[in-house]
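Structural overview for review
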Amino acid sequence: MPSISATAPAKVILLGEHAVVYNQPAIAFPVPNVRARVAILANPPGKPGHVEITSRQVQLQTSLDVLPPEHAFQRLFTAFQRETGLKQLPAMQVTISSEIPVAAGMGSGAAVSVAMLKALGLFVGIKFSNAQLAAMAYEAEKAYHGNPSGIDNTVIACEKPVYYKKNEPITFLTLPSDFNLLIAYSGIPAQTIATVNAVRAKMEQSPVQTGAIIEQIGTLVRQARVYVEAGDVASLGRACTQNQSLLMQLGVSTPKLEYLVNAAINAGALGAKLTGGGGGGNILALVNPEIQVKVMDALYQAGAERVFPATVRKTADYE
Ligand code: MEV
């Protein structure tokens, strides 16, 4: 029996992570060449409602009903059934295969959620809007992040560059030129929830000082939006590097991330910073195409475990 499948991209936060949790804006890009894929195969002899889920990447093989109610997949299926009004799911086998590194700040959890929702929709004959996908995936994000801002599920569901502020309508950014990024994995997995909690603790201990850093990140993001929309990559690169020093002050960077950031800048990147939750995971470097290979080599030399080139295409190319 043929299976139904769907995919969703990884994401990078260009600027504004952590501050976005405190109602500041952030800018995020989808990474279309690095994707999560979910395939669903009907299992007619299976008991109605029986869902078997497999992911080789995280060595998971389970049936849905043994997972606790707060598990991301339980939350996702509950949101799906609420949205569709389906009382009983048909028996099915769900297979997840993802190229997105887990616990690395590239939105692997949100991408799996969106791909799964798209596949489930196809399976039962419903095409969800991006807003529906984002809202349902947000329910699973709560299991990963505790109190997520909603930026990951939004940029991944919409698959467009976004300027995002919590509880405000999404603004899609118009890119007049391509942006060339390198995303380098430090080899150190990090749970976003840990750094989000650490920032919250810092906020409680020293609200004035921490609040000022968050405000400065917000100011930088508003400025960076102008650079993105003007295609001013040089100024954008500088803003990324400034954002990195604010993230350092916030306590979410690490010596390895700093080392990678410096290696990228010394090799000619226009700017570099950690991306996502920090504490490990990935850095991004903004590069001109002619310097890309040199920066990539420098990142590997500096100990990056994997470097993904990612080109975010100008708006006219995907509209
Ligand atoms: C995670 O990709 C980004 C954070 O800002 C958390 C969030 O926005 O929920 C660290």
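Residues numbered from 1 in each chain as written. Predicted model: local features only at pLDDT ≥ 70, side-chain atom pairs only at ≥ 80, totals over all residues. Heavy atoms only, no water.

A few words on the overall build of the protein chain. Along the protein chain, the regular secondary structure elements total nine helices and eleven strands. Against the globule reference of 20 Å for 319 residues, the protein chain gives a C-alpha radius of gyration of 20 Å, in line with a compact fold. Summarising its shape, the C-alpha atoms of the protein chain cover approximately 60 × 45 × 35 Å along the three principal directions. A burial count over the protein chain gives 54% of its 319 residues as buried. Relative to all contacts within the protein chain whose residues are 6 or more apart in sequence, the contacts with residues 24 or more apart total 74%. For the protein chain, the exposed surface amounts to about 13400 Å²; the carbon and sulfur share of it is 53%. Separation of charge centres in the protein chain, based on 25 positive and 22 negative side chains, amounts to 2 Å. (Helix = DSSP H or I, 4+ residues; strand = E, 2+ residues; numbered from the N terminus. Rg over C-alpha atoms; globule rule 2.2 N^0.38 Å. Buried < 20%, exposed > 50% of the residue type's maximum accessible area, 1.4 Å probe, protein only. Contact = heavy atoms within 4.5 Å. Areas by Shrake-Rupley, 256 points an atom, 1.4 Å probe, with all protein chains shown as cover. Lys, Arg positive; Asp, Glu negative; His and termini not counted. Charge placed at Lys NZ, Arg CZ, Asp CG, Glu CD.)

Below, the discussion takes up the domain arrangement of the protein chain. Entries for the protein chain in the domain assignment read domain 1 (4–171) and domain 2 (175–318). Computed over C-alpha atoms only, the centres of domain 1 and domain 2 are separated by 24 Å. Listed by partner, the interface residues are 32 residues for domain 1 and 47 residues for domain 2. Of the roughly 3200 Å² buried where domain 1 meets domain 2, counting both sides, 69% is carbon and sulfur surface. Taken as a group, Leu15, His18 and Tyr22 account for 21% of the area that domain 1 buries against domain 2, more than any other trio of residues on that side. Inspection of the region where domain 1 meets domain 2 yields one salt bridge. Two residues, Glu17 and Lys273, come together in a salt bridge whose shortest N-O distance is 2.9 Å. If you look at where domain 1 meets domain 2, you find ten residue pairs in polar contact (both at pLDDT 80 or more). (Domains from an automatic or database assignment. Buried area = accessible area lost by both parts, 1.4 Å probe. Salt bridge = Lys/Arg side-chain N within 4 Å of Asp/Glu carboxyl O. Polar contact = N/O pair within 3.5 Å; in protein donor to acceptor, adjacent residues only side chain to side chain.)

With that out of the way, let us pick up the packing of helix α5 (residues 192–205) against helix α6 (residues 207–230). Following both chains from N to C, one finds α5 and α6 inclined at 125°, their axes separated by 6 Å at the closest point. Taken together, α5 and α6 sit at an angle that is classed as oblique. Residues Lys202, Met203, Glu204 and Gln205 of α5 form the contact with α6, whose participating residues are Pro207, Thr210, Gly211 and Ile214. Along the lines of polarity and charge, the residues of the contact of α5 with α6 split into three nonpolar, three polar and two charged. (Axes fitted to C-alpha atoms, helices over the stretch in contact; angles between N-to-C directions. Parallel < 35°, antiparallel > 145°, perpendicular 65-115°, else oblique. Nonpolar A, V, L, I, M, F, W, Y, C, P; charged D, E, K, R; others polar.)

This brings us to the packing of aromatic side chains. A complete count under the given rule lists two aromatic pairs for this structure. Look at Phe29 and Phe179: their rings are 5.8 Å apart centre to centre, the planes differ by 45°, and that puts the pair in the tilted class. A residue pair is termed long-range when its members are at least 10 positions apart, and Phe29 in strand β2 (residues 26–42) and Phe179 in strand β8 (residues 179–185) qualify at 150 residues. Classification of Phe179 by relative accessible area gives buried; the value is 0%. Residues Phe80 and Phe128 carry aromatic rings whose centres are separated by 6.0 Å and whose planes lie at 85° to one another, so their mutual orientation is edge-to-face. With Phe80 in helix α1 (residues 72–84) and Phe128 in the loop between α2 (108–124) and α3 (130–145), the pair connects residues that are 48 residues apart, well separated along the chain. Of the two residues, Phe80 and Phe128, neither departs from the other in class, the shared state being buried. Between the NZ or CZ atom of Lys160 and the centre of the ring of Phe172, over which it lies, the distance is 5.1 Å. We note Arg225 situated over the ring of Tyr163; from NZ or CZ to the ring centre the distance is 4.5 Å. (Phe/Tyr/Trp six-rings, centres within 6.5 Å; stacked < 30°, edge-to-face > 60°. Lys NZ or Arg CZ within 6 Å of the ring centre and 35° of its normal.)

Once that is clear, we can look at the pattern of salt bridges. Per the stated rule, a full pass over the model turns up seven salt bridges. Among the ionic pairs, Arg313 bridges to Asp178, the shortest N-O distance being 3.0 Å. Here Arg313 is found in the segment after β11 (306–312), whereas its partner Asp178 is found in the loop between β7 (171–172) and β8, with 135 residues between them in sequence.

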